[in-house]
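# Breakdown of the fold
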Amino acid sequence: MRTYVYDFADGDKDMKDLLGGKGANLAEMTRLGLPVPPGFTVTTEACRCYLAEGVAPAGLDEEMATHLRRIEKTMNRGFGDPGDPLLLSVRSGGRFSMPGMMETVLDIGLTDVTVAGLAAHGGERFAWDCYRRLISMYGSTVEGIPGSEFESALAALRREREVACDPELAADDLRELVDTYKEIFRAHTGTGFPQDPVEQLGNTVLAVFRSWNTERARLYRRAEHIPDDLGTAVNVMAMVYGNRGTGSGTGVAFTRDPATGARGVYGDYLPDAQGEDVVAGIRDTLPLQELARLDRRCFEELTRAMDVLEHRYRDLCDIEFTIEGGRLWMLQTRVGKRTAAAAFVIAAQLVDEGVIDLDEALRRVDGVQLGRLMFPRFDLSGSPEQIAVGVPASPGAASGRAVFDSRRAAEATGPVILVRRETNPDDLPGMLAARGILTSRGGKTSHAAVVARGMGRTCVCGAGDLDVDPQGRLFRAGSVTVREGDMISVDGTTGTVYLGELPVTPSPVVRHFEGDLDAGSGPLVSAVSRLLAYADTLRRLGVQANADTAEDAARARRFGAAGIGLCRTEHMFLGPRRALVERLILAEGEQEIQAVLEELLPLQRADFVGVLAAMDGLPVTIRLIDPPLHEFLPSLEELLGAVTGRERALLAAVRRTHESNPMLGLRGVRLGLAIPGLFAMQVRAIGEACAIRVRDGGTPRPEIMIPLVGDVRELALVRAEAERVLAGIGDAPPIPIGTMIEVPRAALTAGDIAGQAEFFSFGTNDLTQMTWGFSRDDVEASFLPQYLRLGVFETSPFETIDRRGIGRLIELAVKEGRDARPGLRIGVCGEHGGDPASVWFFHDADLDYVSCSPYRVPVARLEAGRAALPRGAETGGSVGTERCALVGVTSVDRIDAS
Ligand code: PEP
Ligand code: MG
């Protein structure tokens, strides 16, 4: 017989797959002797069975009944006992934290009979308050009654009694509210509120299982790359009450600041309230330090428990606790979510404190986080108008149009800031779509703050100066009124809200990479610099940059690139040089072509001198021209009103050279073979630039790369011509000639191609496009979002390498290429070269280097170091580490739009 239920005393923190994160950690706290209310966990396996079969697994009810008796014994109360009833909380808790996405029901076990027993011990007001909470939570969770119906009834009662907040409602008011709630329940279900506590419990457990599959939970999992088939565990625990008057309360605590990583005790406390009130952000909380004043003993016990947990988990922990009548209860702990900055700072601190080693520290940060730290901040030199200050909940600088509704935010085009009084899980689509989130209520642990931090979205919450009117689609802040569509800016690092769009300045981390800030200039820069330096000592993969100008090359070098893996020469044909390309296309006869090429030669040579100088001593892989030449001509629309002779000639050329599928047309090596002298001119420019650099005392290391090769004979022809040209140039060192592997046929015939290539570089953009048969310029805007929704992809194959398909082609080409030419140097220069998950694949595929845009170079360095760490030796409990183990690292946001 399978076991579907575990007592808290029978599990531990390593049983997350079965007990979920919350259940495993409750078990661990119980083992550590911390004051956890007694309870049990129904396993994720039971959930999976239920979701697959539609019925609870056989024996589950009996197992729960057995464990329930243990709780009754420990608490010395009976479930359903009219004299002194035991009440239960039922909470979801999957393998990975999904804050607020699934269901919780409190106070299970209250009925028309037991409410009197509760009143006898806790007072009338308290008992009726619990009962009305149960009916609304059960009603919405189990029966799907809209929560707004209960909220409206409560708001109407507040208005009628002319009170501002719930604690001002008297016992009789709440008794009346229970009757109203029961009517709402009957109107929706056709039956009365269930009066059998066991039936309440059984139905709630199944409803929590079902909540795994709600739309919002699925959306969250997709955004966070959490697999859909894990299911949730359900934690059933004896109720303890924070809403039992002034000696009671509830709070959230962090063992370090989750925003900055600073050491200390952080959190929020809300007297006379239940846990959901804190997370919902609907009442303003006190800073946790206030608890020391209100209840010194409990505060000290809590800080001792925090020490125990940090010591045990060897990481930042967050904790939910409740104080009932002066007694502390620990309701939950986990390795806490944190901002990217805090992740780096805490990892370095823990190394200094001797808690973890550098390997472990490197496992606890990732390239996605480093990418976030490289985002710019607001430039305040223009003294922008500050309209409010709130809690800096999730760092970053975001400008966008204010939108007051999540659905409209999700549908908007262009950057938006989602503005709400507070958010709840239904706001997720808008939060995902928004650049930034702004709320007028709630602290660092409100729903908005927790979810935004998890997603890396900029967030300011609890900006109490804002009077948000979602119906009127506006907010007021003092004398300023901001309407939907007006531009605002939110600074999630300082909590400040500004009117209008603000310019931005580089992040301190970028300034450090640029050499403007030294490593000692603060805990964040110091931690990043230290962990990156350590990654550099571990990594086997080289990291180069995709750069076409001397300026980009110099930046890439400052960011740690060991050369250029892709210099796209077509970028050198833009601007004023376009006219020369036009002449090339219009040229009649070889002589005219040669004349244009002669004019292009010195310009190209000067470009190459600049790039080689910026990367002196390091390899510079120069790719000969790749795109179809007609891309340099004006568009057909521009020319339709052609009047001059030249315009008419251009129009004719545009018509003549038009291709239905230009990406599969006359480009790359095909162009080089079709237009005599074009590649030769570029090769000459490279050779002569190299000779100039040698004469100037430099150490140029150019390499020539041929794009779009599909057959070795194409490469052989170009190679022969290039060697002829180079042989005529004195003073230049030998220049290696290699090819991109970006046409599937090239990968399949890599053994042949290696005979003519001194190096390979995978062009994974084209390789993905051609292997899938997807137009890379079109799919992102057409069916890709639908494919992501349908689960065909977890991430775009243009972002993260498709291991099963493209990955196999790469592995095959690496093997056959190196079999044919031992020691063949192999890199990658498609967009995937800077994508964290893909970097791990390239490490595993035994490539020599990755090449990516300059801003992604530090990300690739960090991930290449992480990929080289021993696998399966993880000892820490960090959220990031766990996720990596299961689904691979997530891809980094594009940050190269500088
Ligand atoms: C590629 O195809 O991956 C590549 C780097 O070349 P481009 O993006 O310029 O086609
Ligand atoms: Mg390409």
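Okay, so let's go over this structure. (Residues numbered from 1 in each chain as written. Chains lettered and ligands numbered in written order. Predicted model: local features only at pLDDT ≥ 70, side-chain atom pairs only at ≥ 80, totals over all residues. Heavy atoms only, no water.)

### Quick notes on helix H6 (residues 147-161)
Given a rise of 1.5 Å per residue, 15 residues ought to cover 21 Å, and the 22 Å separating the end C-alpha atoms of H6 matches this to within 8%. At the exit of H6 stands Glu-162, carrying a positive phi of roughly 55°. (Helix = DSSP H or I, 4+ residues; strand = E, 2+ residues; numbered from the N terminus. Expected span 1.5 Å × (residues − 1).)

### Quick notes on the pattern of salt bridges
According to the stated counting rule, one finds 58 salt bridges in the structure shown. A salt bridge links Arg-363 to Glu-360; its shortest N-O distance comes to 3.6 Å. With Arg-363 and Glu-360 both in helix H14 (residues 358-363), this residue pair falls three residues apart, about one helical turn. Owing to a relative accessible area of 8%, Arg-363 belongs among the buried residues under this scheme. Take Glu-360: its relative accessible area is 1%, and that puts it in the buried class. Among the salt bridges present, the one from Arg-558 reaches Glu-514, with a minimum N-O distance of 2.6 Å. With Arg-558 in helix H21 (residues 550-558) and Glu-514 in helix H19 (residues 508-514), this pair connects stretches of sequence that are 44 residues apart. According to the relative accessible area criterion, Glu-514 is buried, its value standing at 17%. Look at the salt bridges and you will find they share partners, linking Asp-315, Arg-338, Glu-360, Arg-363 and Arg-364 into a network. (Salt bridge = Lys/Arg side-chain N within 4 Å of Asp/Glu carboxyl O. Buried < 20%, exposed > 50% of the residue type's maximum accessible area, 1.4 Å probe, protein only.)

### Regarding the coordination of the magnesium ion (ligand 2)
Coordination sphere of the magnesium ion (ligand 2), protein contribution only: Glu-742 (OE) and Asp-766 (OD), at 2.0 to 2.1 Å. Of this pair, Glu-742 sits in the loop between strand E30 (737-741) and helix H29 (744-748) while Asp-766 is found in helix H31 (residues 764-772), placing the two residues 24 residues apart along the sequence. Judged by relative accessible area, which is 2%, Glu-742 ranks as buried. For Asp-766, a relative accessible area of 2% puts it in the buried group. (Donors = N, O, S within 2.8 Å, 3.2 Å for Na, K, Ca; no water.)

### Some remarks on the sheet that holds strand E1 (residues 5-7)
Taken in spatial order, the five strands make up an open sheet running E1-E2-E7-E5-E6, and their pairing is antiparallel. Edge positions in the open sheet fall to E1 and strand E6 (104-108), since each of these has one partner strand only. Pairwise comparison of adjacent strand axes, ignoring direction, gives a mean angle of 20° for this sheet. Two strands pair when backbone bridges link them, and strand E5 (residues 88-94) and strand E7 (residues 232-238) are joined in this way by seven bridges, in the antiparallel orientation. Considered in E7, the bridge of Gly-94 is made with Thr-232. Packed onto the sheet, helix H8 (residues 197-210) meets strand E2 (39-42), E5, E6 and E7 and runs at close to 150° relative to E7. (Pairing = 2+ DSSP bridges. Axes fitted to C-alpha atoms, helices over the stretch in contact; angles between N-to-C directions. Contact = heavy atoms within 4.5 Å.)

### Things to note about the packing of helix H4 (residues 114-122) against helix H5 (residues 124-143)
Helix-helix packing is characterised by the crossing angle of the two axes and by the distance between the axes. Interaxial distance between H4 and H5 falls to 7 Å at its minimum, and their mutual angle equals 140°. Our classification of the angle between H4 and H5 gives oblique. Here H4 runs over H5; the crossing is right-handed. For the pair H4 and H5, the contacting residues are Val-115, Leu-118, Ala-119 and Gly-122 in the first and Glu-124, Phe-126, Ala-127, Trp-128, Cys-130 and Tyr-131 in the second. Of the residues in the contact of H4 with H5, the class split is eight nonpolar, one polar and one charged. (Parallel < 35°, antiparallel > 145°, perpendicular 65-115°, else oblique. Left-handed = near helix turned anticlockwise from the far one by under 90°. Nonpolar A, V, L, I, M, F, W, Y, C, P; charged D, E, K, R; others polar.)

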